[in-house]
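The primary structure of each chain is shown beneath.
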Amino acid sequence: SCHKNKSSRTEFRGTIADQPDFDAGSDAEALYNAMKGFGSDKEAILDLITSRSNAQRQEIRAAYKSQYGKDLIDDLKYELTGKFERLIVGLMRPPAYHDAKEIKDAIKGAGTDEKCLIEILTSRTNEQIHNLVAAYKDGEFYIFFLQKDLEEDVIGDTSGHFKKMLIVLLQGTREEDDVVSEDLVEQDAQDLYDAGEAQWGTDEAKFIMLLGNRSVTHLQLVFDEYQKIAESSIEDSIKSELSGDFERLMLAVVQCIRSKPMYFAKRLYKSMKGLGTADNTLIRIMVSRSEIDMLDIRECFRLRYEKSLYNMIQDDTSGEYKRTLLNLCGGDDDIAGEFFPEAAQIAYKMWEISAMTKVQLRGTVRPYQNFDPASDAQALRKAMKGFGTDEDTIIDIVTHRSNAQRQEIRQTFKSLLGRELMADLKSELSKNLERLILGLMMTPAEFDAKMMKKAMEGAGTDEHSLIEILVTRSNQEIQEMCSAYQNAYKKSLEDAIASDTSGKFKRILISLAQGAREEGPVDMARALEDAQVSVLADACNADSDDMEDKFMSILCTRSFPHLRKVFQEFVRCSNKDFEQIIKKEMSGDFKNAMFAIGKNFGLGTDDRALIRIMVSRSEIDLFNIRKEFKETHDATLHEFIQGDTSGDYRKTLLIICGGED
């Protein structure tokens, strides 16, 4: 259920269903009594409301009015407060009115909450959209019943392609799930490719028309076909072709086509991770999916984040609010202690997709077109001569040349002026700006060697940097770094690592520093053997050193495509997620190193890490890192740098970052 929207879903996948012996009158009375007198019995209220379906709650509301002549929602609002009130009132509204209210709140006031508009309009069925539009007009929440038109409000509040796509979605005219026009699949995939990847500038209208109207099943086939033509996923193309709210919207459309439960699992995770909780999002999703697909969402959540949704809510909320959310969640998948039977297959599927996907790596810094090393050298000298330094010129030249061009500038500076450019820069700049500019001016190998040296000198060792560099560089880059290290510090990198680290961690680093990871095609038979070793290492709880050594050498020496196959096989044989073993079996720096092999690290605010990543990835894949960063942190790298750095240092980082997403 994580990788497909079940179109002919007859089974119920919600957590809240009709109460069997339901009596609206006595429920109305119970709620009236719970709110009578001084203070209210909040637990009785939440227990009753979360154990009735929405249709039953509407009957209770009608019974309440005829028995007491008052509106139940008004009374609940009067008795309850804060997030708890919002949640209970949300449960009491009919789904279409709840959606309408959320959208009204998202549009009114100063800024628009685009994420809320995106989430609701991309994930609802045609019927839900039509009901929502009608509910918005109906005026239950307008003073004097002023008729409001949702489409007009959206038009008045948004702009550009973002607006156009929202209007298309508001029509609720997507073809029914099972409609597939076989003859159009290839044509649509080709049209999407021609509209984006294949040309300069993007034909957004084509994206809007196809992604807004074709059926779910049809588009799933189109995405598979697109993958073959473009050699990258439709998501990657959207990330590289579109930007801003329009990009967010189109990605959400694609995610909902691929799997609504997975889309909601990601939204829920983001609403709770990090500082503070985005309660409105959490409430909206828990209320609106509790009778539709909460079981599937829980399954996807458990699979993707290795903890249950129940657990996350438990850690992140409190009081009656928490209790109500947990009732809606309906169960803790960690107690079962095992993966869902389907989960291993799904994880396997995901890896298969990622193995097929050739992401187009893109840097943010490119060679300068009218490059003239002599005039650059003169300009840099002039910027540093005399009183005061002209930082702007230095930043401008260094950030707009490729590394190869910077090396020519260094050479020319020496032959024209008889001076060392690096020494001049060092004496003119200070602190982080100096680190950053000098980092950009070094060759990649010199820079890596210097970073390795910095990570090992002084009191403590910066294990994260060592891991990050050794895991993410190719064999050739590692070999060049080793010789740069030898040149600069008259000592081999291997000796330096050996004297600065210990135990298994030392062994794995030295193994990685050989730069001898295999290359070439994947041999399936060997991958299966390696997967067996991993299963055994897991079974022995890594007690036997022999097993652990084998396991380690597999991770350090096999090619990445080969490892991907090993991970897939492992999941298939053991029904476990590979990363869980690493967490369970290993500790400390050794564990971190193992993890990094599985996936590269994100950014910390530590300046050294920030400089290291920005410098070393600017010509390789910083564009992709930016997009990934936004996915994971719900903020753009540009915003992160803007809020976290200052002065010329910030200015330089922003130029290298290359865009705002």
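Let me sum up the structure you'll find in this document.

Conventions used here
Just so you know, the residues in each chain are numbered from 1, in the order the chain's sequence is written. Selection of residues for local features in this predicted model requires a pLDDT of at least 70, selection of side-chain atom pairs for listing and counting requires 80 or more, and totals for whole chains, interfaces and linings are taken over all residues. Only heavy atoms go into the side-chain values, all of them from the structure, while hydrogens and water stay out. Detection works on a 1 Å grid of protein atoms alone, calling trapped sets that fit a 1.4 Å probe cavities and calling open sets with protein on both sides within 12 Å along at least five of seven lines pockets, with lining residues defined by an atom within 4 Å of a point. Grid points are joined across faces, edges and corners, and a volume is the space filled by probe spheres set on the points. By definition, any uninterrupted DSSP run of H or I lasting at least four residues is a helix, any uninterrupted run of E lasting at least two residues is a strand, and each is numbered from the N terminus. Each residue is assigned to one class: nonpolar for Ala, Val, Leu, Ile, Met, Phe, Trp, Tyr, Cys and Pro, charged for Asp, Glu, Lys and Arg, and polar for all the others, Gly among them. We define a salt bridge as a side-chain nitrogen of Lys or Arg found within 4 Å of a carboxyl oxygen belonging to Asp or Glu. When accessible area is computed with a 1.4 Å probe and restricted to protein chains, residues below 20% of their type maximum are described as buried, those above 50% as exposed, and intermediate ones as partly exposed. In this analysis, rings of Phe, Tyr and Trp, with Trp reduced to its six-membered ring, are considered paired at centre separations within 6.5 Å, and the interplanar angle assigns stacked below 30 degrees, edge-to-face beyond 60, and tilted for intermediate values. Look at NZ for Lys and CZ for Arg. If either is within 6 Å of the ring centre and within 35 degrees of the ring normal, a charge sits over the ring. Axis lines are fitted through C-alpha atoms, for helices just across the contact stretch, and the angle between N-to-C directions can take any value from 0 to 180 degrees. Helix crossings fall into two classes, left-handed where the near helix is turned counterclockwise from the far one by less than a right angle and right-handed where it is turned clockwise. Residue contacts follow a heavy-atom distance rule, with two residues in contact if any of their heavy atoms lie within 4.5 Å. Among buried residues, those of type Ala, Val, Leu, Ile, Met, Phe, Trp, Tyr and Cys that are joined through side-chain atoms within 4.5 Å constitute a nonpolar core. The split of the chain into domains comes from an automatic or database domain assignment. Under the convention used throughout, the expected extent of a helix is 1.5 Å for every residue step, that is, one less than its residue count. Taken from the helix axis, the directions to the C-beta atoms give the arc we talk about. Between N or O atoms, a polar contact is any pair within 3.5 Å; within protein, one atom must be a potential hydrogen donor and the other a potential acceptor, and residues adjacent in sequence are included only when both atoms are from side chains.

## Quick word on the layout of surface pockets
- Its boundaries defined by the atoms lining it, the second largest pocket holds a volume of some 1100 Å³.
- Taken together, 49 residues form the lining of the second largest pocket, with Thr125, Gln128, Lys260, Arg289 and Ile292 sitting closest to its centre.
- The element that contributes the greatest number of residues to the lining of the second largest pocket is helix H8 (residues 126-138), accounting for 5 residues.
- In terms of residue class, the lining of the second largest pocket is built from 16 nonpolar, 16 polar and 17 charged.

## A look at the pattern of salt bridges
- Inspection of the entire model under this criterion finds 35 salt bridges.
- Among the ionic pairs, Arg124 bridges to Asp99, the shortest N-O distance being 2.8 Å. Residue Arg124 is located in the loop between helix H7 (114-123) and H8, and its partner Asp99 is located in helix H6 (residues 95-107); the two are separated by 25 residues in the primary sequence.
- Assessed through its relative accessible area of 6%, Asp99 is described here as buried.
- One salt bridge in this structure joins Glu420 and Lys414, with 2.7 Å as the shortest N-O distance.

## Description of the packing of aromatic side chains
- Taken as a whole, this structure holds 7 aromatic pairs when the rule is applied.
- Here a set of aromatic residues connected by ring pairs shows up, and it is made of Tyr32, Tyr64 and Tyr68.
- If you follow Lys453 out to its NZ or CZ, it ends over the ring of Tyr489, 5.3 Å from the centre.

## What about the packing of helix H28 (residues 463-472) against helix H31 (residues 503-513)?
- Where H28 contacts H31, the axes come no closer than 9 Å and their chain directions differ by 35°. For the element pair H28 and H31, the recorded crossing hand is left-handed. Between H28 and H31, the residues in contact are Glu463, Leu466, Ile467, Leu470 and Val471 and Phe505, Leu509, Leu512 and Ala513, respectively.
- Looking at the contact of H28 with H31 residue by residue, the classes come out as 8 nonpolar, no polar and 1 charged.

## Thoughts on the environment of Ala189
- By the secondary structure assignment, Ala189 is in helix H11 (residues 182-195).
- Since its relative accessible area comes to 0%, Ala189 is described here as buried.
- Between the C-alpha atom of Ala189 and that of Asp224, which follows or precedes it by 35 residues, the distance is 8.6 Å.
- When residues no more than four places from it in sequence are discounted, the contact partners of Ala189 are Val222, Glu225, Tyr226 and Ile229.

## Notes on unusual backbone geometry
- One non-glycine residue with positive phi stands out, namely Lys431, at about 50°.
- Among the secondary structure elements, Lys431 is positioned in helix H26 (residues 431-441).
- Positive phi outside glycine occurs at Lys490, with the angle close to 55°.

## Comments concerning the nonpolar core
- With 97 residues, the main nonpolar core has Leu211 and Met286 as its most contacted residues.
- Looking at this core, the element that brings in the most residues is helix H15 (residues 244-258), giving 9 residues.
- Two domains each donate at least three residues to this core, and these are domain 1 (95-171) and domain 2 (182-258).
- If we skip the residues at most four places from it in the chain, Leu211 touches Met165, Arg174, Leu219, Phe223, Ile238, Met250, Val253 and Val254.
- In this structure, Leu433, Tyr485, Met552 and Cys657 belong to the second largest nonpolar core, which totals 63 residues.

## Quick look at helix H1 (residues 24-35)
- For H1, built from 12 residues, the straight-helix expectation of 16 Å at 1.5 Å per residue is met to within 8% by its first-to-last C-alpha distance of 17 Å.
- Three or more residues of H1 are buried, namely Ala24, Asp27, Ala28, Leu31, Ala34 and Met35. The buried side chains of H1 occupy one side of the element, clustering within an arc of 125° when seen end-on.
- Among the structural elements, helix H2 (42-50), helix H3 (54-68) and helix H4 (72-79) are those in contact with the buried residues of H1.
- Among the residues of H1, the N-terminal cap falls to Asp23, whose side-chain oxygen and the backbone nitrogen of Gly25 are separated by 3.0 Å.
- Just beyond H1, the residue with positive phi is Gly37, at close to 75°.

## Structural notes on helix H23 (residues 391-399)
- Taken residue by residue, H23 has Ile394, Ile395, Ile397, Val398 and Thr399 as its buried positions.
- Buried residues along H23 sit against helix H22 (373-384), helix H24 (403-417), helix H25 (421-428), H26 and helix H40 (647-657).

## Considering the packing of H26 against H40
- Between H26 and H40, whose axes approach to 8 Å, the crossing angle comes to 35°. Where H26 crosses over H40, the handedness of that crossing is left-handed. Along the contact surface, H26 presents Asn432, Leu433, Leu436, Ile437 and Leu440, while H40 presents Asp648, Tyr649, Thr652, Leu653 and Ile656.

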